[in-house]
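Geometric and topological summary
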Amino acid sequence: MKQLINKTKTRFTVLAITLLCAGCVSGPDDRQPEAIEAANNALSNGVSNYGKSKYELATSYFKNALRDFRSIDHQYGIASSCLNLSKTYISIGNIELADAYFKQAQRIIQRDNIKQLDDHLRIIESSIAIENSQLAQAKETLAPLLQNDSNNAFTLAAVQNRTRIAHAENNNDEATQWTNTFEQKIKSSSSNQKHKARLARFKANLSDNKETQNKHFGEALNIYRSETNRPGIAATLQEWANILIKQKKTEAAKDKLQRALYIRQSLQDRKNSLKILNSLAQISDNSKTGIWIDKLQNKQFKQWEEFVAVFNWFPN
């Protein structure tokens, strides 16, 4: 029994490091080892599919884990599953659902005083706040993690989000400072390729030199493509296009925005599809862009196949 408990804890620890949002769950009840194992397997499969950018499958597995944990009233597991789902919905731009699952996790964690999940909670809370442009709230949420001098995964994630805030505020001095801090954290920690790609994007957005911008955006794209990271690819193309728009390179910007749009459509990412359409509207007088901006502003939007067909520029 002791070995099984240790095995369960280890598995959840791995999930925590991988997603920054799954918790160290307590060992299984003697009466429910099969239910615990089924929930563990569902979480493991969810993490695996998340890492491959198969978000639909990841969501399905995380919901199965949530169902299994709820069936045995396993509060740690329920909270961890909700955090996993919140993280996944952030990745595909569904911030409303991400926030809904986050609040469920938060309620359980605060009620049961689950300290092991506090750092996971802060990272996801700050990510949702950033997506909603609530930058002051995001700073406040991250503050306790940024006071920590350790080089664990949570500190690195906190520095990354703080760097995102500095860039979003268009404060060049702060953005430079936090980008440098993020780079130093990466060098002194066991970071993964996604962190290096994110750093490259930060550097590209800081630079005024076209060759430097192209170099860093190209580096980020190569990393994201090698890992089939669809949100990362799309975000890089969007950021690159927005710089090209400022440089009056309309055709090059259109190309990248159209490529990014297809990825966002495939993810059914309404929020970021809207951002791309608004960018296209700056450089194009195509009436269909405005029509679909109006349609996507409806939170109940479901016309994904028609949306893809209208903007598909490849032969059928």
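Just above sits the structure.
Anyway, here's the lowdown on the structure attached to this text. Treat the numbers as computed from the prediction; the structure is a model and nothing was measured.

Our next topic: the overall build of the chain. Each helix and strand counted, the chain has 16 helices and zero strands in total. A separation threshold of at least 6 residues defines the contact pool for the chain, and within that pool the share at least 24 residues apart is 57%. Within the structure as shown, the chain displays about 15700 Å² of accessible surface, and the carbon and sulfur contribution to it stands at 46%.

At a minimum axis separation of 8 Å, helix H4 (residues 75–91) and helix H5 (residues 95–111) run at an interaxial angle of 155 degrees. With respect to their mutual orientation, H4 and H5 come out roughly antiparallel. H4 and H5 meet at a crossing whose hand is left-handed. Within the contact between the two elements, H4 uses Gln-75, Ile-78, Ala-79, Cys-82, Leu-83, Leu-85, Ser-86, Tyr-89 and Ile-90 and H5 uses Ile-95, Leu-97, Ala-98, Tyr-101, Phe-102, Gln-104, Ala-105, Ile-108, Ile-109 and Arg-111. Each residue belonging to the contact of H4 with H5 can be placed in one class, and the counts come to 15 nonpolar, three polar and one charged.

Moving on, we get to the side chain of Gln-265. Relative to the helices and strands, Gln-265 resides in helix H13 (residues 250–266). In contact with Gln-265, not counting residues within four places along its chain, are Ser-273, Trp-304, Phe-307, Val-308 and Phe-311.

As a further point, take the pattern of salt bridges. A full pass over the atoms with the stated rule returns 15 salt bridges. Arg-111 is paired through a salt bridge with Asp-112; the nearest N and O atoms lie 2.8 Å apart. Given a relative accessible area of 47%, Arg-111 falls into the partly exposed group. Overall, the relative accessible area of 34% leaves Asp-112 in the partly exposed class. The salt bridge partner of Asp-269 is Arg-264, with a shortest N-O separation of 3.3 Å. Considered together, Asp-269 and Arg-264 belong to a single accessibility category, that of buried residues. Salt bridges linked by common partners bring Glu-131, Arg-164 and Lys-271 together as one network.

Let us look at the packing of aromatic side chains. All told, the structure shown has eleven aromatic pairs when counted by the stated rule. With a centroid separation of 5.4 Å and an interplanar angle of 80 degrees, the aromatic rings of Tyr-50 and Tyr-55 are classed as edge-to-face. Classification of Tyr-55 as buried rests on a relative accessible area of 4%. Ring centres 6.0 Å apart and planes at 90 degrees place the aromatic pair Phe-301 and Phe-307 in the edge-to-face group.

Below, the discussion takes up the nonpolar core. Core analysis: the largest hydrophobic core is formed by 66 residues, its most contacted members being Phe-69, Ile-109, Ile-128, Leu-257, Leu-277, Trp-292 and Phe-307. It is helix H12 (residues 230–246) that provides the largest number of residues to this core, a total of eight residues. Non-local contacts of Leu-277, meaning those with residues more than four positions away in its chain, are made with Leu-261, Thr-289, Trp-292, Ile-293, Phe-307 and Phe-311. The next biggest cluster of nonpolar side chains, apart from the first, holds eleven residues, and it includes Ile-123, Ile-130, Phe-154 and Ile-165.

Attention now goes to the packing of helix H10 (residues 193–206) against helix H11 (residues 210–226). For the pair H10 and H11, interaxial distance at closest approach is 8 Å and the crossing angle is 160 degrees. One finds that H10 runs roughly antiparallel with respect to H11. For H10 against H11, the interelement crossing comes out left-handed. In this structure, H10 contributes Gln-193, Lys-194, Lys-196, Ala-197, Arg-198, Ala-200, Arg-201, Lys-203, Ala-204 and Asn-205 to the contact, and H11 contributes Gln-213, His-216, Phe-217, Glu-219, Ala-220, Ile-223 and Tyr-224. Per-class residue counts for the contact of H10 with H11 are seven nonpolar, four polar and six charged.

Thresholds applied
- Residues numbered from 1 in each chain as written.
- Predicted model: local features only at pLDDT ≥ 70, side-chain atom pairs only at ≥ 80, totals over all residues.
- Heavy atoms only, no water.
- Helix = DSSP H or I, 4+ residues; strand = E, 2+ residues; numbered from the N terminus.
- Contact = heavy atoms within 4.5 Å.
- Areas by Shrake-Rupley, 256 points an atom, 1.4 Å probe, with all protein chains shown as cover.
- Axes fitted to C-alpha atoms, helices over the stretch in contact; angles between N-to-C directions.
- Parallel < 35°, antiparallel > 145°, perpendicular 65-115°, else oblique.
- Left-handed = near helix turned anticlockwise from the far one by under 90°.
- Nonpolar A, V, L, I, M, F, W, Y, C, P; charged D, E, K, R; others polar.
- Salt bridge = Lys/Arg side-chain N within 4 Å of Asp/Glu carboxyl O.
- Buried < 20%, exposed > 50% of the residue type's maximum accessible area, 1.4 Å probe, protein only.
- Phe/Tyr/Trp six-rings, centres within 6.5 Å; stacked < 30°, edge-to-face > 60°.
- Core = buried A, V, L, I, M, F, W, Y, C linked by side-chain atoms within 4.5 Å.

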